Amino acid sequence: MSKTIIPFGPQHPVLPEPIHVSLTVEDEIVTEAVPAFGYVHRGLEKLAEKKDFNQMIQVVERVCGICSMIHAMCYCEGLETLMNVEVPRRAKLLRVIWSELHRIHSHLLWLGLYADAFGFESVFMQFWKIRERIMDINEATAGNRVIVSVNQVGGVRRDLSPSQLKWILDEITVVEKEMKSMESTMLNDYTVKKRTVGIGVLTREMAYELGASGPVLRASGIAQDMRQLKYEAFDELDFEPVVEQDGDCYARGVIRFRETMQSIDIVRQAISRLPQGDTFVKVKGKPEGEIVTRVEQPRGECLYYIKANKTKFLDRLRIRTPTFANIPPLAAMLPGIELADVPVVILSIDPCISCTER
Amino acid sequence: MLKKLIEKSQIKSPWIVHYDCGSCNGCDIETLACLTPLYDVERFGVLNIGNPKHADVLLVTGTVNHRNKKVLKNIYDQMSDPKLIIAIGACGLSGGIFKEAYNVVGGVDKVIPVDVYVPGCPAKPEAIIDGVVEGLAKLGELQQQNKTDAIAS
């Protein structure tokens with residue numbers, strides 16, 4: 001049969017966000033995939049010229065709603081280094097707690113959407129039910145379900161009381177128990193394996209050459225995690241990057257499942273080591289100089305470049321997000337698979353389009 | 001008689017199509033959270049459907065930008081009358097925090113007519129459900145209006 005070009009997106013049932021992929025198809029096999037962008041581009045980096053560096057915290061939180069806390073943490077960390085601010089230990093650990101809670105809720109969200117992409121709707125419902133516990137923690141501790149807005153230059157805005165900490169520990173224990181009950185369905189079920197094992201394989205060499213990051217990279221057997229840089233309080237927390245060897249959709253699912261369990265463990269460690277003390281220091285003056293900060297988002301490495309000139313407004317703010325790095329691997333994964341597997345493979349990189357296009 | 005059945009079922013079981021029009025994902029995941037066990041809008045008969053041609057209600061989240069305004073207009077045109085448009089979140093209402101950004105046109109109502117506005121950054125699932133329920137009353141009015149228009153012409 002001759003070639004057919006099938007447009008995928010921007011509005012598509014499996015996609016929560018608009019991305020357009022032109023799929024060239026022969027029979028049922030995809031031969032070429034060309035992604036197109038720009039449907040969510042707002043121009044956030046340019047907003048740094050109109051809003052001062054403190055107001056920009058609220059803007060960078062809205063680069064992506066799912067990992068908003070981690071964006072703001074990365075941005076504040078950069079400014080704190082530029083302004084020579086020593087953040088209190090308690091604030092650093094509180095940031096770790098909130099950022100790992102964000103990672104748990106992001107991975108649970110993805111596990112649900114992923115199950116929905118291959119038509120396993122009851123699993124989707126189950127994971128989102130588990131996720132609501134984390135959303136409750138966010139709402140109770142920060143006042144908002146999704147965009148928690150706890151960061152400020154010099155520390156965090158909110159503190160956690162002992163009773164709240166105890167409640168968080170109880171809740172994540174329940175989350176862990178419920179995750180364990182989902183383990184056999186998500187990892188050993190015949191239907192799940194049939195749709196994911198051996199689909200969209202990214203070898204170790206390809207992953208490295210194409211610059212994949214986050215779970216996509218770790219599913220191909222490379223143990224690279226930005227938390228190894230020991231930013232914030234990760235220097236005293238015990239943690240090993242989760243690695244799988246196969247590089248297919250199944251491995252990427254396993255990675256996220258195991259990382260959720262790992263994040264629960266990190267939250268426990270952080271709470272047990274939480275010292276008494278202030279949650280922020282007063283910051284005076286304006287930032288000057290340039291800096292690059294990197295943190296690990298649920299989707300991979302997030303990089304912020306900040307250039308400041310001792311005025312209220314930043315000279316330049318550059319954000320590089322993990323999905324942007326994972327698009328070339330995606331374009332390499334798609335050729336050779338069947339058309340019916342395209343939604344599963346696209347979702348397997350956990351695309352966050354609003355991050356990518358900002 | 002069939003017409004009556006369709007009119008009744010449109011109110012009792014509205015089908016929804018959701019389009020992310022440049023939001024930060026916050027409102028999108030809250031819209032999806034409405035479908036899941038804790039909020040469960042299916043108890044009101046609400047069904048999420050991917051095809052705009054089958055849908056009665058369009059949920060739009062986020063700001064409109066210069067690239068996706070055509071896509072949004074296209075989805076709106078594909079829906080059959082009477083249709084209900086609900087804008088969700090501060091960005092969908094006015095542009096929100098992104099209002100001053102260079103690629104942002106503004107709220108959803110700059111491109112298509114909006115029936116219900118749901119505020120919040122991001123809007124909570126309760127608020128979204130409330131918006132849909134409020135919108136359904138308006139859909140009933142629209143049906144009545146269509147009828148009187150048909151008689152008059």
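Keep in mind it's a predicted model, so treat the numbers as computed, not measured. (Residues numbered from 1 in each chain as written. Chains lettered and ligands numbered in written order. Predicted model: local features only at pLDDT ≥ 70, side-chain atom pairs only at ≥ 80, totals over all residues. Heavy atoms only, no water.)

### As for the environment of B:Lys73
Residue and element names in this part refer to chain B. Turning to its location among the elements, Lys73 is positioned in helix 3 (residues 69-78). Sequence separation between Lys73 and Ile112 is 39 residues; the distance between their C-alpha atoms is 6.7 Å. When near neighbours in sequence (up to four residues on either side) are disregarded, Lys73 contacts Val111 and Ile112. (Helix = DSSP H or I, 4+ residues; strand = E, 2+ residues; numbered from the N terminus. Contact = heavy atoms within 4.5 Å.)

### As for the sheet that holds strand 7 (residues 116-118) of chain B
All names here are of chain B. Spatially, 2-1-3-5-7 is the arrangement adopted by the 5 strands of the open sheet, whose pairing is parallel. The two strands at the open ends of the sheet, each matched to only one other strand, are strand 2 (47-48) and strand 7. In this structure, strand 1 (residues 15-20) lies alongside strand 2, joined through 2 bridges in parallel fashion. Looking at strand 2, one finds that Ile16 is bridged to Asn48. Running over the sheet, helix 5 (residues 125-152) touches strand 1, strand 3 (57-61), strand 5 (84-88) and strand 7 and is turned about 155 degrees from strand 5. (Pairing = 2+ DSSP bridges. Axes fitted to C-alpha atoms, helices over the stretch in contact; angles between N-to-C directions.)

### A few points about a nonpolar patch on the surface
Residue and element names in this part refer to chain B. A grouping of Leu2, Leu5 and Ile6 is seen on the molecular surface, where their side chains present a nonpolar patch of about 330 Å² in accessible area. Relative to the assigned elements, Leu2 resides in helix 1 (residues 2-12). By relative accessible area, Leu2 is classed as exposed at 62%. (Patch = residues over 30% accessible without salt bridge, like charges linked within 9 Å, V, L, I, M, F, W, Y side chains within 5 Å. Areas by Shrake-Rupley, 256 points an atom, 1.4 Å probe, with all protein chains shown as cover. Salt bridge = Lys/Arg side-chain N within 4 Å of Asp/Glu carboxyl O. Buried < 20%, exposed > 50% of the residue type's maximum accessible area, 1.4 Å probe, protein only.)

### Quick notes on the sheet that holds strand 1 (residues 4-8) of chain A
All names here are of chain A. Judged by pairing direction, the sheet is antiparallel, and its 3 strands sit side by side in the order 1-2-3 without closing on themselves. The strands lining the two open edges of the sheet, one partner per strand, are strand 1 and strand 3 (29-36). Neighbour-to-neighbour, the strand axes of the sheet open up by a mean angle of 25 degrees, direction not taken into account. Where strand 2 (residues 20-26) meets strand 3, 7 bridges bridge the pair, whose relative direction is antiparallel. What sits directly across from Glu26, in strand 3, is Ile29.

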